[in-house]
Amino acid sequence: MLGTLYAATPLLAAEPGFTITRAEAKLVNQVYHLSVHIEYEFSKKVLEAIQSGVPMVIALEIEVRRPRNYMWDEQIAQLKQRFQLQYHALAEQYIVENLNSGAQNTAPTLNTALFYIRNIDDLPLIDQQLLKPDEEYQVRLKVGLEFDSLPVPLRLSAYTSRSWWLGSGWFVWDL
Amino acid sequence: MKNKVERLLRQLSESFVPVAIMAAFMVMSMALLSAATENSSQFGRMHLVLVVINVLGLIVLVGLIGINLTKLLSQYKRNVTGSRLTARLVVIFVILSVAPVSLVYYFSLGFLQHGIDSWFDVRMEQAMEDSLKLSRSALDMQKRELLKKSRALSDALTGVPNDLALMSLNDLRAESGANELTLLTQGGEIIASSSEDTTAIIPHRPDDSTLLQVREKKSFADVSPVGELGLHVRVSVGVDSTDAEIEPRVLYALFPIPERMGELADKVELAYAQYKKLVFLREPLKNSFVLTLSLVLLVSILTAVWAAFFSAQRLVSPIRILTMGTKAVAAGNYDKKFPPTTNDELGSLVKSFADMTQRLASARDQAERSQQQVERERSYLRAVLGRLSSGVMTLDHERKLRVANNAANQILEVNLEKSLGKGLLAIAQSASNLAEFVDVLNKNFVSKDNVSKDKEWREEVIVKKKGGNKTLMCQGAVLPGIKGMKRGYVVVFDDVTTLVKAQRDAAWGEVARRLAHEIKNPLTPIQLSAERLRRKYLDKMPPEDAELLERSTRTIIEQVRSMEEMVKAFSEYARVPPIEFQPLQFDALVSEVLDLYQAEDIGAQIIADFQAKLPLLEADPGRMRQLLHNLIKNAIESTQEVPGARIVITLATVVIGDSELLELRVKDNGKGIPESILNSLYEPQTTTKSKGGGLGLAVVKRIVEEHSGTTFAENNIEGGASVVVRLPLTQADSTQHPEFLVQATQ
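Residues numbered from 1 in each chain as written. Chains lettered and ligands numbered in written order. Predicted model: local features only at pLDDT ≥ 70, side-chain atom pairs only at ≥ 80, totals over all residues.

Chemist: How should I be thinking about the overall build of chain A in this particular structure?
Modeler: Across its full length, chain A carries four helices and nine strands. Mapped in sequence order, the helices and strands of chain A form the string α-β-β-α-β-β-β-β-α-β-β-α-β. Sequence separation of at least 24 residues holds for 62% of the intrachain contacts in chain A that already meet a minimum separation of 6. (Helix = DSSP H or I, 4+ residues; strand = E, 2+ residues; numbered from the N terminus. Contact = placed C-beta atoms within 7 Å.)

Spelled out as structure tokens, the structure:
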């Protein structure tokens, strides 16, 4: 299972940016569980920042919504998964930390470090009982860098420079 | 709506409170921005918002300045009062505020660049790298040592079965000083684990790639930060199995770095990480500081510029009010209202100016009232003077004519209006017949000047004129000078000619009557005596004596008769029968009288030249006949020794002034009138003839005056003299008033 995913990654490694290649929600014990696969391609500028020890926060925003005809969509649930990626110079290790759970992993290369956040599996999304059976629901998610966690001097250039806008668009599918 | 917005904008840009609030707000946001730039934890999250707020503030400021600037420019173009001073003040304020701030900005920018750059140094960087390497090699040594130790532990576990492993692990951990010892299968499943931290539920385990390496190379060790515990050495070694029942296993050991070393390593790591981060952030940091500094500068400059507009307008506003007030006063408008201004010296200046204007206004009103009063009194005086029958003249201190009323013009028969402001001598030169009058005035005023200021004088003056001299009774006085006005003179005069004439006529009448009476009385006895002498002695005397007697007595009788006639004439002059006016066709009357003369030989040719259609004349026919006889006799007498004597009698209407007159002119070609008697021609006893009593022209004058006419005599240029009589026609104009004619006839 690991092998298949691993092999799929490097083929589309041209344009910098994060891409959600696959996402699905499975019903297990009346709770929807989310599985997402994300490809990360950093720009030179961001790579440089990571290598300089600037902690980078990658945020995955997940929303469950009920589309309505003549109004804006109703938001049913919203959650955010945040991961921090940081280079440890002395240990020459990349540290990946899930800021929601506090789980921390280290890896000697960036690629291996990204392994920990490339696949997000079995993330509990919503209880089925909260959803009405005859209604239609949508799940949408996007992933991107969290600029507000950057050091202040970097923030303005991040907001104004293309090389920092790596976020994916909304990935939407019906639940 | 538009007005409201405009008013709000004006209030916003002109009143003090919004300015102060805005400035305070900008300063606060600037302070926050600079804090956010320096300290990320406190205001870090607000940084972007603050930047946006400040940029918006800048835009608002630029807008306000733009409004003020366009307003000022349009005022400057229209040359509105005060705009030039405002513009100058604004320029000065802007220069004064912008120049130092810009200098500070320039140098701050330089310091900023240099300051940040000075943090970074090649030697420093090298030292950092070296210390990191040193730390790494120290950690490597530690790592190798611990790897060796782990191998020994692995050897100790070789023969230990899985179910006994936990006890061995506990012993080994205590012995080796490891934090955690975990025994796993080669697939990664945990067999047993011993940890110093008893609260940890899930032991640490090596990841899959590590396990892969262990399977290949039997061992793997690295230094890695473990959670919050800091740096640890992680060692994974394969545990060989001598027993066929026991599968090959992996020992995973977590060793703490010795405390002192760990501390140092952490410090080095921290310093290095910070340094690296700073190197990376060098440009963004500079940009960020420059941005903040530039924002601060722009806000300061724009606020200063705005404040310059604001304060210039406030400063100039009293001056503008003053200028407008001055203009209004210069234009004669004293009623301008002055709005209250500041409390400073300029404000009090405006207030004083307002007070002054008010006083000027009241003074002007007062002056206007007095002037009106003076004007009223002057016109009243003029009206009084105009109605006076006496002539009134006033002279100033240089004896120049100031005022002359209508009566003065009529009496002196000159238009004094033209002579106002002229000296007396100039007046005398322009009208020669006023010489005596002016002499009298000069003489009296000059002599009175020195004697007494309020002494009056009174004198009779004879003014020469064509139709006879005029007698004026003059009264003069010195007008005292009042309050800076120099003294002047006033002279009042009346035409007393008629009065004097009447008195003289009355006196002559009395003389004539008495003389006639006194002379007439002895005449009859003289005549009777002469006749008796003749009757008694003529026949008795010898013829030669008789002839003498006869001649003497005849002379006596003739002379007495002639004297009687003379006496009769005198008494007739004195006796004035009542006058009876009636409408008269004057040309017919003249023709009738002329007929009498043309019948007899008078030694002169009489030519009548009458204007056709002469209007009726209101006159006494008897008096008119007497007048004509006198004139014609006069003319005949003056042409007696002249060959080719000719008397021309003309009748015509003339218009003099606004009255129509009938003019009778008797013109002869005789000797003319000597200059010596021309002036007293009409006086009784004035004659050039040997015969006659000299009463002819005196009678003529009396009759003419009775008919309100005028008469004068003049010498003709071609020789001889003319006597002119002018009688007014207005009283009985038959063509216009036939009814009046009928009534008058009755």
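Now that the structure has been shown, the text picks up again.
Chemist: It is not clear to me how the overall build of chain B should be interpreted in this structure. Could you clarify?
Modeler: The number of helices and strands found in chain B is 20 helices and 17 strands. The buried share of chain B, reckoned over its 746 residues, is 25%. Considering only contacts within chain B whose residues lie at least 6 apart along the sequence, 61% involve residues at least 24 apart. (Buried ≥ 20, exposed ≤ 12 C-beta atoms within 10 Å, placed from the backbone.)

Chemist: What am I meant to see in the sheet that holds strand E1 (residues 180–185) of chain B here?
Modeler: Backbone hydrogen bonds hold the strands of a sheet together, and the pairing may be parallel or antiparallel. All names here are of chain B. On the basis of which strands lie adjacent, the open sheet formed by five strands has the order E2-E1-E5-E4-E3 and antiparallel pairing. Single-partner strands in this sheet number two, and they are strand E2 (190–195) and strand E3 (219–226). With strand direction ignored, the average angle separating the axes of adjacent strands in the sheet is 15 degrees. Alignment of E1 against E2, held across five bridges, turns out to be antiparallel. When the bridges of E2 are listed, Leu 183 appears paired with Ala 192. Across the sheet, helix H8 (residues 208–217) lies against E3, strand E4 (230–239) and strand E5 (249–256), angled at about 155 degrees from E3, the strand it touches most. (Pairing = 2+ DSSP bridges. Axes fitted to C-alpha atoms, helices over the stretch in contact; angles between N-to-C directions.)

Chemist: I keep staring at the sheet that holds strand E12 (residues 605–610) of chain B and nothing clicks. Help me out?
Modeler: Residues and elements named next belong to chain B. Spatial strand order, E12-E14-E15-E17-E16: five strands in an open sheet with mixed pairing. Pairing within the sheet leaves two strands with one partner each, and these edge strands are E12 and strand E16 (710–715). The sheet shows a mean angle of 20 degrees between the axes of neighbouring strands, direction not considered. Relative to strand E17 (residues 721–728), E16 is paired through six bridges, and the arrangement is antiparallel. Bridge pairing links Thr 710 to Arg 726 in E17.

Chemist: Where do I start with unusual backbone geometry in this structure?
Modeler: Excluding glycine, residues mostly have negative phi values, and the peptide bonds linking residues are mostly trans. Residue and element names in this part refer to chain B. Backbone geometry at Arg 399 places phi at a positive 60 degrees, although glycine is not the residue there. A positive phi angle, close to 60 degrees, is found at Ser 708, a residue other than glycine. Position of Ser 708 relative to the elements: it lies in the loop between helix H19 (696–706) and E16. C-beta crowding within 10 Å serves as the criterion here: with 11 such atoms nearby, Ser 708 is assigned to the exposed category.

Chemist: How should I be thinking about the interface of chain B and chain A in this particular structure?
Modeler: It is common to give the size of an interface as the accessible area that goes away when the parts come together. With 30 residues of chain B at the interface, the matching set in chain A holds 23 residues. By residue number, the principal contributor to the side of chain B that touches chain A is helix H9 (residues 259–330) of chain B, which donates 14 residues. Tallied by class, residues from the side of chain B that touches chain A come to 15 nonpolar, 10 polar and five charged. (Nonpolar A, V, L, I, M, F, W, Y, C, P; charged D, E, K, R; others polar.)

Chemist: In this structure, what is going on with the confidence of the model for chain B? I would like to understand it.
Modeler: Should pLDDT be low for a region, the predicted coordinates there are not to be read in detail. Residue and element names in this part refer to chain B. With 90% of its residues at a pLDDT of 70 or more, chain B has an overall mean of 81. Residue range residues 731–746 is modelled with pLDDT below 50. Its contacts to residues more than four positions away, or to other chains, number 21 contacts. Model confidence for the complex: the whole-complex pTM is 0.53, and ipTM, which rates the interface, is 0.75. (pLDDT = per-residue confidence, 0-100.)

Chemist: Hey, could you run me through the pairing of strand E9 (residues 470–479) of chain B in this one?
Modeler: Look at any regular strand and the pattern is simple: side chains alternate between the two faces of the sheet. Residues and elements named next belong to chain B. Where strand E8 (residues 457–463) and E9 come together, seven bridges link them in antiparallel fashion. Its bridge partner being in E9, Ile 462 is matched across the sheet by Thr 471. Examined bridge by bridge, E9 and strand E10 (residues 488–495) share eight bridges and lie antiparallel to one another. Residue pairing in the sheet places Ala 477 in a bridge with Val 490 of E10.

Chemist: I keep staring at the packing of H9(B) against helix H10 (residues 345–387) of chain B and nothing clicks. Help me out?
Modeler: Packed helix pairs are specified by the crossing angle of their axes together with the interaxial distance, meaning the distance between the axes. All names here are of chain B. Contact geometry of H9 with H10 gives a least axis separation of 9 Å together with a crossing angle of 15 degrees. What the angle tells us is that H9 and H10 run roughly parallel. The two elements H9 and H10 cross, and the hand of that crossing is left-handed. When H9 is examined against H10, the residues Pro 318, Ile 319, Ile 321, Leu 322, Gly 325 and Val 329 are found in contact with a partner set consisting of Leu 346, Gly 347, Leu 349, Val 350, Phe 353, Thr 357 and Leu 360. Grouping the constituent residues of the contact of H9 with H10 by class yields 10 nonpolar, three polar and no charged. (Parallel < 35°, antiparallel > 145°, perpendicular 65-115°, else oblique. Left-handed = near helix turned anticlockwise from the far one by under 90°.)

Chemist: When you look at the environment of B:Glu456 in this model, what are you seeing that I'm missing?
Modeler: Residue and element names in this part refer to chain B. Here Glu 456 lies in the loop between helix H13 (435–451) and E8. Taking the C-alpha atoms as reference, Glu 456 lies 9.6 Å from Phe 445; in sequence the two are 11 residues apart. With near-sequence residues (within four places) excluded, Glu 456 lies in contact with Gln 475, Gly 476 and Ala 477.

Chemist: So what exactly am I meant to see when it comes to the nonpolar core here?
Modeler: Ranked by internal contacts, the top residues of the largest apolar core, which has 79 residues, are A:Val96, B:Leu251 and B:Ala253. With residues near it in sequence (within four places) discarded, A:Val96 still touches A:Phe83, A:Leu85, A:Asn105, A:Ala107, A:Ala113, A:Tyr116 and A:Ile117. Of all hydrophobic cores here, the second largest spans 32 residues; its members include B:Ala604, B:Leu617, B:Leu662 and B:Val725. (Core = buried A, V, L, I, M, F, W, Y, C linked by C-beta atoms within 7 Å.)

Chemist: Help me out: how do you make sense of the pairing of E17(B) in this one?
Modeler: Residues and elements named next belong to chain B. Examined bridge by bridge, strand E15 (residues 659–668) and E17 share seven bridges and lie antiparallel to one another. Across the sheet, the residue bridging to Arg 665 is Val 724, located in E17. Where E16 folds back onto E17 in an antiparallel hairpin, the turn is made up of five residues, including Gly 719, whose phi is positive at roughly 110 degrees.

Chemist: Explain the confidence of the model for chain A to me, please; I cannot follow it from the model alone.
Modeler: Residue and element names in this part refer to chain A. Of all residues in chain A, 92% have pLDDT values of 70 or greater, and the mean over the chain is 84. Here helix H1 (residues 2–8) is the element of chain A with the lowest mean pLDDT, 38, and strand E3 (residues 56–66) is the one with the highest, 92. When the criterion is pLDDT under 50, residues 1–13 qualifies, and its contacts beyond four places in sequence or with other chains add up to five contacts.

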